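# Structural overview for review
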Amino acid sequence: MQTSPSPRERPSRLRSLLFCLVLGVLSIVSAEVVSGSNRFPFLNPMGWLITYPVYLLHTVFLAGILVRIQRTSWRSFLFAGAIFALYETYIMKVLWDPFWSPEFALMFAGISWSHFVMLITWWHPLMAFVFPILLAEMFLVRDPVFLAGLPAWLKGKLAAPRSRKLLAAVVLVFFGVCAVVGQPPWLGLVALASYGILILFLFWLWRKANFHQRFSVEDLLPGRVGLTVCAILLAALYGLATPTIMPERLPGPLGHITVIALYALFIVFIALDRPAASDALDPALRRYPLASLRPLWLGLSLALLAGLPLTLLGPFTVFIYLFHWWIISPVCGLPLYFAAFVCAL
């Protein structure tokens, strides 16, 4: 059993910055590499200039805000993830004028609601925001905050060895299957393996310095000054990207009104939500941070093994894409957010 050291040690700004940079890597890899949307985001200038800053700044800023206002429940976690995902409007314009799978667009009030379901209530909240932060809390910090805000039934699953392993296996097989979508399929597994090894190396360096036993996520996320800097950088990013990235896809007034209303909806529900209760004696939390990186090595291996046979599908991996985006995302995403809205009230 691991115990938290005392007294509490505060990290230097450099250590906090390094943690935030690692969070950004986790976010971009989970969202872009796993989906096959951008298999090697760090090998092109736009990856450094736009894509990585988008994932880094949103993850760090929104997680920092939730911690500072004590809204770390799973409900607020999801609402903040949806706010993150709405970058698909002013930066990428996907919701307003889908440039991928436009044949599936269901346009109403200026946005595509089918793409809204896929991106705003499913992929980006979970893969770009929730999963990276939970993974960091499992391996990189002490005194987990967001893990403590998970539903009681899910924490119970994480506390039981058999159900924990089953849940992890399902998630990792899902990663491996998603990675092969696109052409050529084998390149997706190469990307997943490459960035998986990079993440393992970064985790090893962090834990080698024993930072995972010294600092909590609350310590490492930016404070008032850091959040102000993040807000300024995000404003600059939106100000640069909105008029320069595919400006011809900007909508009329109705599209802007709908998106602003969505921002307001998620912000209001974060404000209405109750602060998450934390129990230091919760058996699901006392095991974190995990004692070794062995589960990550095994998890990466499982994901690659799950995707390997599917590389033989070649162009038929499109059926995996269709099944995931157009069946799994509404079946899972919509009930998840419905439950969050109901519970928040």
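Residues numbered from 1 in each chain as written. Predicted model: local features only at pLDDT ≥ 70, side-chain atom pairs only at ≥ 80, totals over all residues. Heavy atoms only, no water.

## Some points on the overall build of the chain
When you go through the chain residue by residue, the secondary structure sums to 14 helices and two strands. Here the chain has a C-alpha radius of gyration of 20 Å; the compact-globule value for 345 residues is 20 Å, and the two agree. Taking the contacts inside the chain whose residues are at least 6 apart along the sequence as the reference set, 82% of them involve residues at least 24 apart. A total accessible area of about 15900 Å² is found for the chain, and carbon and sulfur atoms account for 74% of it. Distance between charge centroids for the chain: 9 Å, based on 24 positive and 13 negative side chains. (Helix = DSSP H or I, 4+ residues; strand = E, 2+ residues; numbered from the N terminus. Rg over C-alpha atoms; globule rule 2.2 N^0.38 Å. Contact = heavy atoms within 4.5 Å. Areas by Shrake-Rupley, 256 points an atom, 1.4 Å probe, with all protein chains shown as cover. Lys, Arg positive; Asp, Glu negative; His and termini not counted. Charge placed at Lys NZ, Arg CZ, Asp CG, Glu CD.)

## Observations concerning the nonpolar core
In globular proteins that are soluble, nonpolar side chains generally tend to be buried together. Ranked by size, the top nonpolar core spans 111 residues in total, and within it Phe19, Phe129, Phe203 and Phe266 carry the most contacts. At 17 residues, helix H5 (residues 113–139) tops the list of elements feeding residues into this core. Dropping the residues within four chain positions of it, Phe203 is found in contact with Val22, Leu26, Leu135, Phe139, Leu140, Leu293 and Leu296. (Core = buried A, V, L, I, M, F, W, Y, C linked by side-chain atoms within 4.5 Å. Buried < 20%, exposed > 50% of the residue type's maximum accessible area, 1.4 Å probe, protein only.)

## Digging into the packing of helix H2 (residues 45–68) against H5
One way to put it is that H2 packs onto H5 with a least axis distance of 11 Å and a crossing angle of 65°. The crossing of H2 and H5 is right-handed. Contacts between H2 and H5 pair Tyr55, His58, Thr59, Leu62, Ala63 and Leu66 from the former with His124, Ala128, Phe129 and Ile133 from the latter. (Axes fitted to C-alpha atoms, helices over the stretch in contact; angles between N-to-C directions. Left-handed = near helix turned anticlockwise from the far one by under 90°.)

## Regarding the side chain of Arg71
By the element assignment, Arg71 lies in the loop between H2 and helix H3 (74–85). Look at Arg71: it is buried, it has no salt bridge, and the nearest opposite charge is Asp273 at 5.7 Å. A polar side-chain atom of Arg71 sits 3.4 Å from the main-chain carbonyl oxygen of Ala271. Looking at Arg71, its side chain comes within polar contact range of the main-chain oxygen of Asp273, at 2.8 Å. Sequence-distant contacts of Arg71, defined by excluding residues within four places in its chain, comprise Leu66, Ser76, Ile270, Ala271, Asp273, Arg274 and Pro275. (Salt bridge = Lys/Arg side-chain N within 4 Å of Asp/Glu carboxyl O. Polar contact = N/O pair within 3.5 Å; in protein donor to acceptor, adjacent residues only side chain to side chain.)

## Re the pattern of salt bridges
This model, assessed by the stated rule, comprises four salt bridges. Two residues, Arg249 and Asp97, come together in a salt bridge whose shortest N-O distance is 3.1 Å. Of this pair, Arg249 sits in the loop between helix H11 (224–244) and helix H12 (253–272) while Asp97 sits in the loop between helix H4 (87–90) and strand S1 (107–108), placing them 152 residues apart in sequence. Of the charged contacts, one joins Arg142 and Asp143 as a salt bridge, the two residues approaching to 2.7 Å between their closest N and O atoms. Given the relative accessible area of 3%, Arg142 is considered buried. By relative accessible area, Asp143 is classed as partly exposed at 27%.

## Examining the packing of aromatic side chains
Considering all chains together, one arrives at 31 aromatic pairs under this definition. Pairing Phe266 with Phe341 gives two aromatic rings, centres 6.0 Å apart and planes at 25°, and the pair type is stacked. Here Phe266, found in helix H12, pairs with Phe341, found in helix H14 (residues 318–344); they are 75 residues apart in sequence, far enough to count as distant. Each member of the pair, Phe266 as well as Phe341, carries the same accessibility label: buried. Ring-pair connections join several aromatic residues into one group, and the members of that group are Tyr55, Phe77, Phe84, Tyr87, Phe129 and Phe146. For Arg287, the ring lying beneath its charged end belongs to Tyr288, and the centroid distance is 5.3 Å. (Phe/Tyr/Trp six-rings, centres within 6.5 Å; stacked < 30°, edge-to-face > 60°. Lys NZ or Arg CZ within 6 Å of the ring centre and 35° of its normal.)

## Some details on the confidence of the model for the chain
When pLDDT is averaged along the chain, the result is 93; 96% of the residues meet or exceed 70. A low-confidence stretch, residues 1–6 stays under pLDDT 50, and its non-local contacts, those more than four residues away or across chains, total 13 contacts. (pLDDT = per-residue confidence, 0-100.)

## Here we look at unusual backbone geometry
Residue Pro184 is reached from Gln183 by a cis peptide bond, and omega for that bond is -10°. Here Tyr288 and Pro289 are connected by a cis peptide whose omega angle stands at 0°. Within the secondary structure, Pro289 is located in the loop between H12 and helix H13 (294–307). Positive phi values are uncommon outside glycine, yet Ser101 reaches one of about 50°. Mapped onto the secondary structure, Ser101 falls in the loop between H4 and S1. One non-glycine residue, Met246, lies in the positive phi region at around 45°. As for its placement among the helices and strands, Met246 is situated in the loop between H11 and H12.

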